[in-house]
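Take a look at the letters that make up each chain.
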Protein chains: 2
Amino acid sequence: MDTNLELKALKELIKNHKAHALLLRSTDKYFNEYVPQDQSPRAYISRFNGSVGDALITPEHAYLFVDGRYELQAQAQAPDFNIHVCKNNISIENSWLNFLSENLKPGSTLLYDPSTIDMALEEKLQHLCEPLHIKLVPEAKNLIHTIFKAPPLSSTIPEIWQVGPEITGLSTAEKLEKVAQKIKSQNVDAFLAVKLDDIAWLLNCRGNAFPFQQTFPSLACITPEAIILGLPSSYKLPKDLGANIKVVQEYELIQSLSNYKLRTVGLDPTESSKEHEIALRAMGIEIKSMGNPLALLKAIKNDQELLHMRSAFKKADHVIHKTQNLIHASYEADQPLSETEIDDIIRREFTNSKACELSFRPICAGAKNGAIIHYGTPNSEQKVKAGSLFLLDTGAYYQGGYATDLTRTFLLGPKNTLSTPWQKEMFTLVLKASIKGMSARFRRGFLGLQLDALVREPLWRAGLDYAHGTGHGVGINVHEFPPRIAPTSLSEILEHQVFSIEPGLYFENVGGVRIENLVTVVADPKLPQFLRVLPLTFCPFDERLIDDTMLDNFERDFLNYFQEQWLSDAPMPQLPPLRDRKF
Amino acid sequence: MDTNLELKALKELIKNHKAHALLLRSTDKYFNEYVPQDQSPRAYISRFNGSVGDALITPEHAYLFVDGRYELQAQAQAPDFNIHVCKNNISIENSWLNFLSENLKPGSTLLYDPSTIDMALEEKLQHLCEPLHIKLVPEAKNLIHTIFKAPPLSSTIPEIWQVGPEITGLSTAEKLEKVAQKIKSQNVDAFLAVKLDDIAWLLNCRGNAFPFQQTFPSLACITPEAIILGLPSSYKLPKDLGANIKVVQEYELIQSLSNYKLRTVGLDPTESSKEHEIALRAMGIEIKSMGNPLALLKAIKNDQELLHMRSAFKKADHVIHKTQNLIHASYEADQPLSETEIDDIIRREFTNSKACELSFRPICAGAKNGAIIHYGTPNSEQKVKAGSLFLLDTGAYYQGGYATDLTRTFLLGPKNTLSTPWQKEMFTLVLKASIKGMSARFRRGFLGLQLDALVREPLWRAGLDYAHGTGHGVGINVHEFPPRIAPTSLSEILEHQVFSIEPGLYFENVGGVRIENLVTVVADPKLPQFLRVLPLTFCPFDERLIDDTMLDNFERDFLNYFQEQWLSDAPMPQLPPLRDRKF
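Residues numbered from 1 in each chain as written. Chains lettered and ligands numbered in written order. Predicted model: local features only at pLDDT ≥ 70, side-chain atom pairs only at ≥ 80, totals over all residues. Heavy atoms only, no water.

Asks: Describe the overall build of chain A, naming the residues involved and giving the relevant values.
Replies: Scanning chain A from N- to C-terminus turns up 17 helices and 27 strands. If one aligns the C-alpha atoms of chain A with their principal axes, the spans along those axes are about 65 × 60 × 50 Å. Taking all 583 residues of chain A together, 61% fall into the buried category. Put simply, 70% of the contacts in chain A that link residues at least 6 apart link residues at least 24 apart. (Helix = DSSP H or I, 4+ residues; strand = E, 2+ residues; numbered from the N terminus. Buried < 20%, exposed > 50% of the residue type's maximum accessible area, 1.4 Å probe, protein only. Contact = heavy atoms within 4.5 Å.)

Asks: Account for the pairing of strand β4 (residues 82-86) of chain A, naming residues and giving values.
Replies: Residues and elements named next belong to chain A. Pairing of strand β3 (residues 62-67) with β4 involves five bridges; the strand directions are parallel. Counterpart to Y63 in the pairing with β4 is N82. For the segment spanning β3, helix α3 (residues 71-77) and β4, crossover handedness is right-handed. (Pairing = 2+ DSSP bridges. Right-handed = clockwise from strand over helix to strand, strands pointing away.)

Asks: Lay out the sheet that holds strand β16 (residues 363-366) of chain A in plain terms, naming residues and giving numbers.
Replies: Residues and elements named next belong to chain A. The strand order across the open sheet built from three strands is β16-β17-β19, with neighbouring strands paired in antiparallel fashion. Edge positions in the open sheet fall to β16 and β19 (406-411), since each of these has one partner strand only. Each strand of the sheet is rotated relative to its neighbour by a mean of 10°, with strand direction disregarded. Inspection of the sheet shows strand β17 (residues 389-394) paired to β19 by six bridges, in the antiparallel sense. The residue of β19 that forms the bridge with T394 is L406. Each of β17 and β19 is contacted by helix α13 (residues 303-332), which is oriented at about 20° to β19, the strand it contacts most. (Axes fitted to C-alpha atoms, helices over the stretch in contact; angles between N-to-C directions.)

Asks: With reference to specific residues and values, describe the packing of helix α1 (residues 5-16) of chain B against helix α6 (residues 140-147) of chain B.
Replies: All names here are of chain B. The geometry of α1 relative to α6 is characterised by a closest axis approach of 10 Å and an angle of 140° between their N-to-C directions. The angle between the axes of α1 and α6 places the two elements in the oblique class. Taken as a pair, α1 and α6 cross one another with a handedness that is right-handed. Contact with α1, carried on its side by E6, A9, L10, L13 and I14, involves L143, T146 and I147 of α6 and no other residues of that element. (Parallel < 35°, antiparallel > 145°, perpendicular 65-115°, else oblique. Left-handed = near helix turned anticlockwise from the far one by under 90°.)

Asks: With reference to specific residues and values, describe the sheet that holds strand β11 (residues 227-231) of chain A.
Replies: Residue and element names in this part refer to chain A. The six strands are arranged β12-β11-β10-β8-β13-β14 in an open sheet whose pairing can be described as mixed. Edge positions in the sheet fall to β12 (245-249) and β14 (286-289), since each has one partner strand and no second. Averaged over all pairs of adjacent strands, the angle between strand axes in this sheet comes to 25°, irrespective of strand direction. Where strand β10 (residues 219-222) lies against β11, four bridges are found, and the strand directions are antiparallel. Among the inter-strand pairings, C221 is bridged to a residue of β11, identified as I228.

Asks: Report on the side chain of D465(A), specifying residues and quantitative values.
Replies: Tracing the backbone shows D465(A) in the loop between α16 (448-461) and β21 (471-473). For D465(A), a relative accessible area of 16% puts it in the buried group. Of note is the side chain of D465(A), whose polar atom sits 3.2 Å from the side chain of W460(A). A polar side-chain atom of D465(A) sits 2.5 Å from a polar atom in the side chain of R443(B). Not counting chain neighbours up to four residues away, the residues in contact with D465(A) comprise R456(A), W460(A), G504(A), L505(A), R443(B) and F530(B). (Polar contact = N/O pair within 3.5 Å; in protein donor to acceptor, adjacent residues only side chain to side chain.)

Asks: So, the pattern of salt bridges: which residues are in play, and what are the values?
Replies: A complete count under the given rule lists 60 salt bridges over all chains for this structure. For D54(A), the salt bridge is made with R25(A), and the minimal N-O distance between the two is 3.0 Å. Taken together, the residues span a long stretch of sequence, with D54(A) in strand β2 (residues 54-57) and R25(A) in the loop between β1 (21-24) and α2 (41-46) at a distance of 29 residues. Pair check on accessibility: D54(A) and R25(A) agree, each one buried. Ionic pairing is found between D198(B) and K298(B), a salt bridge with its closest N-O pair at 2.7 Å. Note that D198(B) is positioned in helix α9 (residues 196-203) and K298(B) in helix α12 (residues 295-299), a separation of 100 residues in sequence. Here D198(B) and K298(B) have matching classes, each one buried. Taken together, the shared-partner salt bridges in this structure form one network comprising E122(A), K274(A), E277(A) and R281(A). (Salt bridge = Lys/Arg side-chain N within 4 Å of Asp/Glu carboxyl O.)

Asks: Outline the interface of chain A and chain B, listing residues and values.
Replies: Facing 36 residues of chain A, the contacting portion of chain B comprises 35 residues. When chain A packs against chain B, close to 3,200 Å² is buried across both sides, 58% of that on carbon and sulfur atoms. When the buried surface of chain A facing chain B is broken down by residue, W460(A), R461(A) and R581(A) rank first, second and third, together holding 23% of it. Taken together, the connections running from chain A to chain B amount to four salt bridges. Of the charged contacts, one joins K436(A) and E457(B) as a salt bridge, the two residues approaching to 3.4 Å between their closest N and O atoms. At the junction of chain A with chain B, the criterion picks out 10 residue pairs in polar contact (both at pLDDT 80 or more). Among the secondary structure elements, those contributing two or more residues to the side of chain A that touches chain B are α15 (421-438), β20 (441-443) and α16 of chain A. Looking at which element gives the most residues to the side of chain A that touches chain B, the answer is α16(A), with seven residues. Classifying every residue of the side of chain A that touches chain B by side-chain character gives 21 nonpolar, three polar and 12 charged. (Buried area = accessible area lost by both parts, 1.4 Å probe. Nonpolar A, V, L, I, M, F, W, Y, C, P; charged D, E, K, R; others polar.)

Asks: Explain the confidence of the model for chain A to me, using residue names and the numbers behind them.
Replies: Per-residue confidence for chain A gives a mean pLDDT of 95; residues scoring 70 or more make up 99%. What the predictor reports for the complex is a pTM of 0.92 with an ipTM of 0.91. (pLDDT = per-residue confidence, 0-100.)

Asks: Can you explain the relation of the copies chain A and chain B? Please cite residues and give values.
Replies: The operation relating chain A to chain B is a screw motion whose rotation component is 180°, with 0.1 Å of axial translation and a residual RMSD of 0.1 Å. Considering both components of the superposition, the chain copies are consistent with a two-fold axis. The rotation axis passes nearest to the C-alpha of Q450(A) in chain A, at a distance of 2.5 Å. Mapped onto chain B, 97% of the interface residues of chain A are again interface residues, and the two copies thus contact each other with one and the same surface. (Least-squares fit on C-alpha atoms with pLDDT ≥ 70 in both.)

Asks: Go over the pairing of β1(A) with me, naming the residues and quoting the values.
Replies: All names here are of chain A. Burial along β1 is two-sided: the residues A21 and L23 and L22 and L24 are all buried. Alignment of β1 against strand β5 (residues 109-111), held across two bridges, turns out to be parallel. Along β5, the bridge assignment pairs L22 with L111. Sheet topology note: the β1/β2 ladder contains three bridges and is antiparallel.

Here it is as structure tokens:
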């Protein structure tokens, strides 16, 4: 009953190659989170189109490793694969590493593609395979190419445009100066920047090459004096970026470094591919592992960025609020909608609000589909019944090129539709968790896993939890790390980072609730030893889903504040009220 | 105005020795937390008698490094020393390391005692001093000896006695088997156990050598088959411990290892002194750094241990409750008490309850002295006024040899004494934080710094915090690590660990509140993916200090539960109520 012919062909090729397994990762060579569907051999061969999930294919079997949010989707889309769901905080990578160590026999050969594996992970793989006498062969690309050739990258005319200083706050020259300091302090001659949002941030440019992103294909070698930028031949940089930038062909970038007499180049082993390392070493350049010097500079937003991001978030708040109103009006008129119709409305409303692009594929999940954490396949056949919960998780880019991201769960149906006690309880629990995050005050030095615990606590108290992180940084990409607010995240939460707080509850075949807001962090105005969370999104909650008897006065105060900020015209919101000590 | 003649003499000796500084640590060679006053050169020379604090002495100056809890006490007791208070989670050790690097000139000589510095810290010191061209000379002991000679260890007859299997749950042979597995898995021939409570745990023995401890001076080399135990000549082991134990003179232990053909011995570099390392190497034995294989075995209490500890905690609960009643009766009769008189009552009541020994020097702090976190010098001159807060932090050992530890803060005065609004608010805030900890449910894998954040959150919300950890393990010693519940603690919280939850608030020259309870952790009976905190102490709170309007229903439920458990005769308490989901 093998209906997947491409998979069958790949299995055949692995067998003919006398190999025993092939690692097929979801990433592309840019480690883009949103690899275009048509560019992804993993999506093509597995039929699973979720954003994250790695496959292992042997001559006999196929395995797909996904996390909790994709469990149901993977099962539905990839019936020819054994689905491994990573639970208990085990990463997808560790999951297939464990699987390999338990299932590959000594003497086996494993094929992999060094352009889709970072140095740190490749080292881990080597460490695992060596004592087990498993041979690692970097030739997977050729086999995959026999079956799958990606079409040209973008159907639109490739474009790169500049974002003005009123938004970015800092010029490229100013940013380069900060990066240069960090490069010098590491005693390297240059740093190889591979993350597309890092390069977009440094150059104050955006592009339209990839779906759901505003970045452009590139690779950059940053020295303290210059940026040597590799671009594909079809791309041109805007003029006058006000810094010393040398543009070369992307595929020639590493070779071109011979002109710069670089002895040592820093690479972040958790971000740079093994392929880059191999290419640099082949040039006789010494590699030094170091932390990405751009990461924290990019994560900490300056005042202009914050103001701009807030204005973009506000537009998105109104789009989502209006979409809800349109949906409610339709049900009021006794015209139920399908998920696809709601998907159409939100896309149209984003376009009407002058968004340039969505920041990810909208999640439009009615009733039981709300349990699929990253539901990506809206149903056009069925109308979602009045009285159902609807989970809408969407975001967009406006002129300025920072992503928005917001989730609201609301009740479908005319105004007087009553929520069930279960709906109300689940929603209110998630709301309480959200408020914990959005109103938090904590000591400087607080870590992601500590804020994560504060947010989950009201759910744990009820014996509930969610199988995903609590929050992620937001910037040029909708998922930007650091910070990461998750059970194992040791990343420190710093002033002016922007991130999501998105607790949820999911019940398979029943439904789901998620509430996602974006926030930043500021110094407590009265108590400088403390930091405070400052909410940046205020799209109203569906009051029919709030059980007031489950709230305490502090939470009621917060909801009043939230409504006030929604109605406020101020460019930046105020801090939520805290019931400070009386005496 | 140098009134401290011993300090003056030591400065002179350092100068004559052509050295530039001498490190004088608070630990003894056993790294005992409670070094007997009369055994501590640091206490003798500085006059500061707090349990933790290291000194640096130069020919001209003297510096004392303490943490927040000892700030005021150090200032009062050691006027000839510059007091450095370690704040912002910087340890005492890092504090003097920083000080050294900033103040010692290249070419300087620093004297230290290798028996009072662990290998890891010594390595850190070496790493710091080498590039700065500071010479490290391990001869501090001789200089100190010129000024200070410790009297014989104990005034009582040295004794070691056995604790029965109905308390320990496991025989020494069974424990050795578990330790042996861990030793073998590290590919070493033996482990050198240096912590006295580890040795007491393994041998199921207790002793009376040290104040506030039930351990005995010893050093043990554990092989998978035998325990080679070094004891001072005046000590004898009880017979028939049911395992292969070879007793030698403590000072000869390392030399005696030549009889055992040990090639490699494991040491925990964070616990073993540099002196042990030097001695082992001198014997031609290879050293392997490893984690202490006894630590986690000892931290996770078995059912018998838990039952016994609970029974000891219950006795202490009643002692402290009765002490409060006696104090109240005295104020009722218009006879105010001094701190010393209250100290006398608590000591007498512990003796009446058949306690063998206190587990630490009681903290009897009235009114503003409550702000001194580990107040150790009760005032006999002044009666504490009615209407004052009193902070009583005490513990003891009963037959069985596990420590108890409890803190109550209560109002002094006749029954009808009214608390001030400030007292009530501070107490209720600390109570709310305590309840957070004592009622917590969390995912397996939860870390100390996450529970720490949950407990502090109600205080942070009010803009308040405390400058000490939230909790410490409790066992044979009153402070046992792991677990550690503190802002930087990555130690995982595991089933059947026993630890304290002790939030507090301190206001210099005004007063302090601390509430300390002991708890354990059990699997959630209904939801095995969760762990739950199970309180083990139930000494009632002073109701005059509770502001009911600040509590939510959950907290009220908890206080009712707490009172029920206080009145219950069950050998083990029940779990606190959680308002589980309704639907």
